[in-house]
Amino acid sequence: MKRKVLTVLCIMLFALFIVAAPDVYAAAKSNAWDAGKKEIEVKGAFTFYSHPSKDGKEAWIYNIKIKGKKNKSLSIPKTIRGKKVTRLGTPDDMREELCITLFGGHIEPWHDYDASYNNAATTLRSIKIPDTVEVIENSSFSGLNSLKTIKLPKKIKEIGRYVFYGCDSLKTVVLPDNLKKIDNSAFWDCPSLQNFKISKKNKKFQIKENFLIRKKDKALVYAPSTGKELAIPEGTKKILSYAFNSVKSPAVHIPASVTEMEQAAFEKRGLRENIDIRDVTVSEANPVYARDGQCIYKKSDKSLAVAVPDEKGELFISEMVEKLTGDISLVNCDTAEVDKLTKVVYPKNLKHVTVPGFGRINAANVYFTGAVPPEVTRPKSVSAHAKLPIFCNVYVPEAYETAYKAWYKENDCLSSVNGWHTYNPETGL
C-alpha cells in the first residue's frame, strides 16, 4: 500500500512540474488570439477547428478531426477562411489536462501512454506542414505510429514537450534553419529515429555522424536509434538528459572529450531506465570519467555517473565510488518492472549521498557494507524522495545493526523497509 501511495505522489508531483513549466514563446502571443471564437473548415476527410487572431489575419488550428481510419496523408492548409495558419495544437485554456494532441488524443508519458490508442491519425504516413506555421504546441503529433518523415516549417524556432512522443515509425526529421531550442522530451519513444537533417546555416545545432549536437557547448541532444554499438563522436563535451532515449544498442562508448553528463543521460524518460542499452564504456584517456567494475564514476569527487547491473539484475557499486547524487544513469535494467533490479551492494567507501541519490537505484534487496552509514543531505529543491532506500529488504553487517537502524530512524525511513536483515561479512553477501 505504501509503495502505491509513493508512486501516486511521484506521478502527481511530476505532472505538477510539467504543468508549471513555462512556455514563454507561446505565452508571448497568447493575447493576440480570439480564443472564444471557433471557426470550422472541412477539406475532404479532415475537419479543421481554429481560432482567429484578433486582427483577423491569422488562424490557430487547435484540433483536426478525421473521418475514417484509412487516411494515409494530410496536408495542413496554409489558410483557413482567408487567414494565414501560423499555429498548431491545443491551447492551454482548451485542455482538460495538459497533454492533448492536435488530433484530440490524450498522452501520459509518465504512464508509458502515448496517443496511439484508437486514434484515426495513427494511419497517417505523411504530414505536410505549411511554412506559414510559426508555433507547434506541446504533444501535437504524439502517437502517430505510421508517420515516417516530418519536415518542420522554416519559421519554427522551438520544438516543445512531447511533440513527437511515441511516433514508432518516425525515421527522419528535417529541422528548420531557425531552430533555437528542442525540449528533451520532444522525441521520446521514437525507436526508428535514425536521421536528423539540418542546414549548416543553423546557428544552434549541427549533425555529426547522425548525432544531433548543440553547437555552443558541443552538447549531445539526441543519439540515433540503432541496434548496433554506438560511439559518441569525438569532440562532444556534454551529454544532455535522455539523449539516448530511443537507442536500442548493445553498447555505447564515451570518448575522451566528454566532460559532463546530465541526470538520466542514458535513460529512456522520467521514472524509466534503459533496458535496451546493455553496457556503457568510457575512453581510458577521458580526464573526467573512469570505469571500474559495473560503474562509471567522476574522478574529481568520486560520484557515480553510470551504473550497469549484470544480467541477473545485480549491481555491485565500485569501491571507487564515494558519493551518490541525482545525476545517475542506470542501464541494462528497468526498475519499473517488479524486482527487475534484484540486488544492489553499496561500497564501504560510500561517504555522502545527496537526495535523490539512493532513489535513482531501486532494488528489491539492498546491502550496506560500511562500518559507518553515509551522510545524507537533501537540497531545498528536492522534496518528494525518501532519503534512504525503502520498500526493499535491507541487509547490514551484524556488528553495525544498531548504527544503521538509528540512521534509518533518524531519516524517517525505518517503518518503510520491507524486511530488516543482518549478515556476517566474513561469509560474504
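An account of the accompanying structure is given in this report. (Residues numbered from 1 in each chain as written. Predicted model: local features only at pLDDT ≥ 70, side-chain atom pairs only at ≥ 80, totals over all residues. Heavy atoms only, no water.)

A look at empty space enclosed by the protein
The full count for this structure, using the stated rule, is three cavities of 30 Å³ or more. Lining of the largest cavity is provided by Phe187, Leu193, Tyr222, Ala223, Tyr242, Ala243, Asn245 and Ser246. Residues belonging to the lining of the largest cavity are distributed by class as follows: six nonpolar, two polar and no charged. Here the second largest cavity defines a volume of roughly 40 Å³. Around the second largest cavity, the lining residues are Tyr346, Pro347, Lys348, Leu350, Phe368, Thr369, Gly370, Val372, Pro374 and Tyr404. For the lining of the second largest cavity, the residue count by class is seven nonpolar, two polar and one charged. (1 Å grid on protein atoms, 1.4 Å probe; cavity = no way out; pocket = protein on both sides within 12 Å on 5 of 7 lines; lining within 4 Å. Points joined across faces, edges and corners; volume = space filled by probe spheres on them. Nonpolar A, V, L, I, M, F, W, Y, C, P; charged D, E, K, R; others polar.)

Details of the pairing of strand β14 (residues 205-208)
For β14 and strand β15 (residues 211-214), the ladder comprises four bridges, and the chain directions are antiparallel. Of the residues in β15, the one forming a bridge with phenylalanine 205 is arginine 214. Here β14 hands over to β15 after two residues, with glutamate 209 in that stretch at a positive phi of 55 degrees. (Pairing = 2+ DSSP bridges. Helix = DSSP H or I, 4+ residues; strand = E, 2+ residues; numbered from the N terminus.)

A look at the sheet that holds strand β21 (residues 280-282)
With respect to topology, three strands assemble into an open sheet ordered β17-β19-β21, the strand pairing being parallel. Taken across any chain shown, the strands that pair with only one partner, and hence form the sheet edges, are β17 (230-231) and β21.

Digging into the pattern of salt bridges
This model, assessed by the stated rule, comprises 13 salt bridges. The shortest N-O distance in the salt bridge between arginine 87 and glutamate 137 comes to 3.0 Å. Residue arginine 87 is found in strand β6 (residues 83-88), and its partner glutamate 137 is found in the loop between β8 (135-136) and β9 (149-151); the two are separated by 50 residues along the sequence. Just as arginine 87 is buried, glutamate 137 falls in that class too. (Salt bridge = Lys/Arg side-chain N within 4 Å of Asp/Glu carboxyl O. Buried < 20%, exposed > 50% of the residue type's maximum accessible area, 1.4 Å probe, protein only.)

Things to note about the pairing of β6
Counting buried positions over the six residues of β6 gives five, a clear majority of the element. Relative to β6, strand β5 (residues 79-80) runs antiparallel, the two being bridged by two bridges. Note on β6: the bridge partner recorded for isoleucine 80 is lysine 83. Between β5 and β6, which pair antiparallel in sequence order, lie two residues; one of them, arginine 81, sits at a positive phi of approximately 50 degrees.

Structural notes on the sheet that holds strand β28 (residues 343-346)
On the basis of which strands lie adjacent, the open sheet formed by five strands has the order β25-β28-β30-β32-β33 and parallel pairing. Here the strands that pair on one side only, and so sit at the sheet edges, are β25 (314-316) and β33 (419-423). The mean angle between the axes of side-by-side strands here comes to 15 degrees, regardless of whether they run parallel or antiparallel. Two elements, β28 and strand β30 (residues 365-368), share four bridges in a ladder whose sense is parallel. The residue of β30 that forms the bridge with valine 345 is tyrosine 367. (Axes fitted to C-alpha atoms, helices over the stretch in contact; angles between N-to-C directions.)

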